[in-house]
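These are the residues of each chain, in order.
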Amino acid sequence: MKELGGKVAVVTGGGSGIGRELALACAREGMKVVIADIDEPGMAETAKLTNAATMAVRCNVSKADEVESLAARVYEAHGAAHLLFNNAGVSVAGPTWTTTLHDWEWCMGINLMGVVHGIRSFVPRMLQQGGEAHVVSTASAAGTLSVPGSSVYCVSKHGVVTMSECLHHELRIVKSQIGVSVLCPAFVPTGIADSHRNRPAELADTNPLAAPYAAWAKKAVEKGKISAPEVAAMTLQAVKEDRFYIFTHPHTRDAIEVRMQDLLQQRHPTNPTPSKTSGENL
Ligand SMILES: NC(=O)c1ccc[n+]([C@@H]2O[C@H](COP(=O)([O-])OP(=O)(O)OC[C@H]3O[C@@H](n4cnc5c(N)ncnc54)[C@H](O)[C@@H]3O)[C@@H](O)[C@H]2O)c1
């Protein structure tokens, strides 16, 4: 989709981090922006920063009915949606064998089912409206690698990558003009390592061995060399060029190559984060 001006963008997780910067970048392109999040003060701050008539909708993306209401409100207000960012996400940490069922339910509910709900509620409407549109789902470098202490997060993000690849094929088969991209950043300084701030009380049971892995991830996120505004700019450029895979960090592809060679040569998987397991505290 080359021309974005005047079109409608919907950004989930628009109250913070990458989602906020995607909303700002879309507003700068002259788009009408709708942000959706469970963090209402965060959305108010984003709306203020866009300096435009941004519509903010409280929406828990893990709930199908709330995403369906979001889509209904977008079409009621604007009559169309051209650019959907399935971006809301959370992270949990810790070894797989002590991961709690609440960890699985919470993280998969948002990271994976949030994207499922976005596609189910928006793509049929986009197909009906006709013309160009684009769906960008935020996965992660963790959607292409297997990172120790991050199995729930990796499973959810691998799911987003393969779901996006399937969606791309299916939309080509029906000759639709809806493009698809999957955003795979590595570490970006945002609120992601403090995701528990939004964790509901009924899913509060956390992995008892999370702490050292969570501390490692927090440090890595804080030290991330690519900023959220840079990620947003790269993402909009990719949409304009209709590029499917959006890798924002140059080293991700080296690690993918190693993983693919592990698979093809049927050798044991290489740890993509060796520094994480060399510490005595893990
Ligand atoms: N920051 C990184 O290092 C990094 C790397 C790779 C991928 N990602 C992905 O980028 C996306 C954006 O995360 P971020 O880094 O900007 O983190 P962030 O915490 O700054 O922003 C995430 C936003 O999602 C919202 N959210 C959480 N639960 C929600 C729910 N149930 N419904 C609706 N909104 C909800 C939060 O309120 C927050 O505003 C996520 O999918 C994340 O997994 C981040």
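Right above here is the structure, for reference.
Given the structure is predicted, the values throughout are model-derived calculations rather than measurements.

### Some points on unusual backbone geometry
So, step 1. Even without a glycine there, the phi angle at K175 is positive, about 55 degrees.
So, step 2. Relative to the elements of secondary structure, K175 occurs in the loop between helix 5 (151–173) and strand 6 (178–184).
So, step 3. Even without being glycine, D242 reaches a positive phi, approximately 50 degrees.
So, step 4. Considering the arrangement of structural elements, one finds D242 in the loop between helix 7 (228–241) and strand 7 (245–247).

### Some words on the site of the ligand
So, step 1. Lining the immediate environment of the ligand, one finds 30 residues, of which S16, I18, D37, Y153 and T190 sit closest.
So, step 2. Within the side chain of K157, an N or O atom sits 2.9 Å from an oxygen atom of the ligand.
So, step 3. Here the ligand has 830 Å² of accessible area as a free molecule, and 98% of this is covered by the chains.
So, step 4. Within the residue set of the shell around the ligand, elements represented by two or more residues are helix 1 (17–28) and helix 5.
So, step 5. Its residues assigned to classes, the shell around the ligand comprises 14 nonpolar, 12 polar and 4 charged.

### Things to note about the sheet that holds strand 3 (residues 55–58)
So, step 1. Ordered in space as 3-2-1-4-5-6-7, the 7 strands form an open sheet in which the pairing is parallel. Edge positions in the open sheet fall to strand 3 and strand 7, since each of these has one partner strand only. Taking the axes of each pair of neighbouring strands and ignoring which way they run, one obtains an average angle of 15 degrees across the sheet.
So, step 2. Bridge analysis of strand 5 (residues 133–138) against strand 6 gives 6 bridges, and the strand direction is parallel. The partner of V135 across the bridge, within strand 6, is V180.
So, step 3. This element, helix 5, spans strand 5, strand 6 and strand 7 of the sheet and lies at about 160 degrees to strand 6.

### Overview of the nonpolar core
In globular proteins that are soluble, nonpolar side chains generally tend to be buried together.
So, step 1. Counting 49 residues, the largest nonpolar core has V10, L70, V74 and F122 as its most contacted members.
So, step 2. At the level of elements, strand 1 (8–12), strand 2 (32–37), strand 3, helix 3 (64–78), helix 4 (101–129), strand 5, helix 5 and strand 6 are the ones that each hand at least two residues to this core.
So, step 3. When sequence neighbours within four positions are dropped, the list of residues in contact with V10 reads V34, L70, V74, A81, L83, L84, F85 and F122.
So, step 4. Counting 27 residues, the second-largest nonpolar core is a separate cluster that includes L4, M31, L236 and A238.

### Section: a nonpolar patch on the surface
So, step 1. On the surface, L127, I173 and V174 cluster together to form a nonpolar patch covering roughly 300 Å² of accessible area.
So, step 2. Take I173: it is sitting in helix 5.
So, step 3. Under the relative-accessibility criterion, I173 is labelled exposed at 66%.

### Describing the pairing of strand 3
So, step 1. Only one face of strand 3 is covered, namely the one carrying M55 and V57; the face carrying A56 and R58 has none of its residues buried.
So, step 2. Judged from the 4 bridges that link them, strand 2 and strand 3 form a sheet pairing that is parallel. Following the sheet pairing, I35 is matched in strand 3 by A56.

Conventions and cut-offs
Residues numbered from 1 in each chain as written. Predicted model: local features only at pLDDT ≥ 70, side-chain atom pairs only at ≥ 80, totals over all residues. Heavy atoms only, no water. Helix = DSSP H or I, 4+ residues; strand = E, 2+ residues; numbered from the N terminus. Near = heavy atom within 4 Å. Polar contact = N/O pair within 3.5 Å; in protein donor to acceptor, adjacent residues only side chain to side chain. Areas by Shrake-Rupley, 256 points an atom, 1.4 Å probe, with all protein chains shown as cover. Nonpolar A, V, L, I, M, F, W, Y, C, P; charged D, E, K, R; others polar. Pairing = 2+ DSSP bridges. Axes fitted to C-alpha atoms, helices over the stretch in contact; angles between N-to-C directions. Contact = heavy atoms within 4.5 Å. Core = buried A, V, L, I, M, F, W, Y, C linked by side-chain atoms within 4.5 Å. Buried < 20%, exposed > 50% of the residue type's maximum accessible area, 1.4 Å probe, protein only. Patch = residues over 30% accessible without salt bridge, like charges linked within 9 Å, V, L, I, M, F, W, Y side chains within 5 Å. Salt bridge = Lys/Arg side-chain N within 4 Å of Asp/Glu carboxyl O.

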